[in-house]
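# Structural characterization, general
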Amino acid sequence: QVQLVESGGGLVQPGGSLRLSCVAPRSIFSIAHMGWYRQAPGNKRDLVATITSRGTTNYADSVKGRFTISRDNAKNTVYLQMNSLKPEETAVYYCNAALIGSSAANYWGQGTQVTVSS
C-alpha cells in the first residue's frame, strides 16, 4: 500500500501564505511525477500544479505567479508554496503521485484542508 502523507494546511487570511508538504515512499518518489490538486465542496478535483521526476513544472493558469511547486528528492517530499491566497481557493488539497510507462499507477494522499478567510 502506497501512502502519501500531506501536511501544512490550515486557516489563513486572504493574501496570506501557506506551504504544503507531501512525503511519498522512497520506492516511488524518484520516478514519480508529483502533483497537487484541490477540491472545493460541490466541485470536481482540479489540477493545481505538477512536477516531473526531472523537475519540469506545470501550473493551472489561476495560480501562476503565486504558487510554486518543488521537490526534495533526498527527503522524498514535494512542496506547494502558496502566496497571495484568495478565499475562493478554500478547498481540500490532495497530493498525487503518478507513475508512467509499464508500471503505470496513480496514488493519492488523504488531503489537507486549506481555508482562506478573514
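First, a word on what this report is: a plain description of the structure on this page.

Cut-offs and rules
Residues numbered from 1 in each chain as written. Predicted model: local features only at pLDDT ≥ 70, side-chain atom pairs only at ≥ 80, totals over all residues. Heavy atoms only, no water. Helix = DSSP H or I, 4+ residues; strand = E, 2+ residues; numbered from the N terminus. Rg over C-alpha atoms; globule rule 2.2 N^0.38 Å. Contact = heavy atoms within 4.5 Å. Areas by Shrake-Rupley, 256 points an atom, 1.4 Å probe, with all protein chains shown as cover. Salt bridge = Lys/Arg side-chain N within 4 Å of Asp/Glu carboxyl O. Buried < 20%, exposed > 50% of the residue type's maximum accessible area, 1.4 Å probe, protein only. Core = buried A, V, L, I, M, F, W, Y, C linked by side-chain atoms within 4.5 Å. Pairing = 2+ DSSP bridges. Axes fitted to C-alpha atoms, helices over the stretch in contact; angles between N-to-C directions. Disulfide = S-S within 2.5 Å.

### Here's the deal with the overall build of the protein
Across its full length, the protein holds one helix and eleven strands. In terms of overall size, the protein behaves like a compact globule, its C-alpha atoms giving a radius of gyration of 14 Å where 118 residues would be expected to give roughly 13 Å. If you line up the protein on its principal axes, its C-alpha atoms span 45 × 25 × 25 Å. Once local pairs closer than 6 in sequence are excluded, the contacts in the protein between residues at least 24 apart make up 52%. Surface exposure of the protein reaches about 6300 Å², of which carbon and sulfur atoms provide 48%.

### Points about the pattern of salt bridges
Here the structure, examined in full by the defined rule, presents four salt bridges. Glu89 is the salt-bridge partner of Arg66, the closest N and O atoms lying 2.5 Å from each other. Note that Arg66 is positioned in the loop between strand 6 (57-59) and strand 7 (67-72) and Glu89 in the loop between strand 8 (77-82) and strand 9 (91-99), a separation of 23 residues in sequence. Look at Arg66 and you get buried, because its relative accessible area is 13%.

### Examining the nonpolar core
Met34, Trp36, Val78, Leu80, Met82 and Tyr93 are the most contacted members of the largest nonpolar core, which has 31 residues in total. Elements that contribute at least two residues to this core include exactly strand 3 (18-23), helix 1 (26-29), strand 4 (33-39), strand 5 (46-51), strand 7, strand 8, strand 9 and strand 11 (112-116). The element contributing the most residues to this core is strand 9, with five residues. Apart from the residues within four sequence positions on either side, Met82 is in contact with Gly16, Ser17, Leu18, Leu20, Arg66, Phe67, Tyr93 and Val114.

### Concerning the sheet that holds strand 7
A sheet is described by the order of its strands in space; here four strands give the open sequence 1-3-8-7, paired in antiparallel fashion. Where the open sheet ends on each side, the last strands, each with one partner, are strand 1 (5-7) and strand 7. Each neighbouring strand pair of the sheet contributes to a mean axis angle of 15°, computed without reference to strand direction. Where strand 7 and strand 8 come together, six bridges link them in antiparallel fashion. Across the sheet, the residue bridging to Arg71 is Val78, located in strand 8.

### Remarks on the state of the cysteines
Applying the stated criterion across every chain yields a total of one disulfide. Linked covalently through their sulfurs, Cys22 and Cys95 form a disulfide whose S-S length is 2.1 Å. An S-S torsion of about -80° defines the bridge between Cys22 and Cys95 as left-handed. Highlighted residues: Cys22 in strand 3 and Cys95 in strand 9, separated in sequence by 73 residues. Here Cys95 falls in the buried class, since its relative accessible area comes to 0%.

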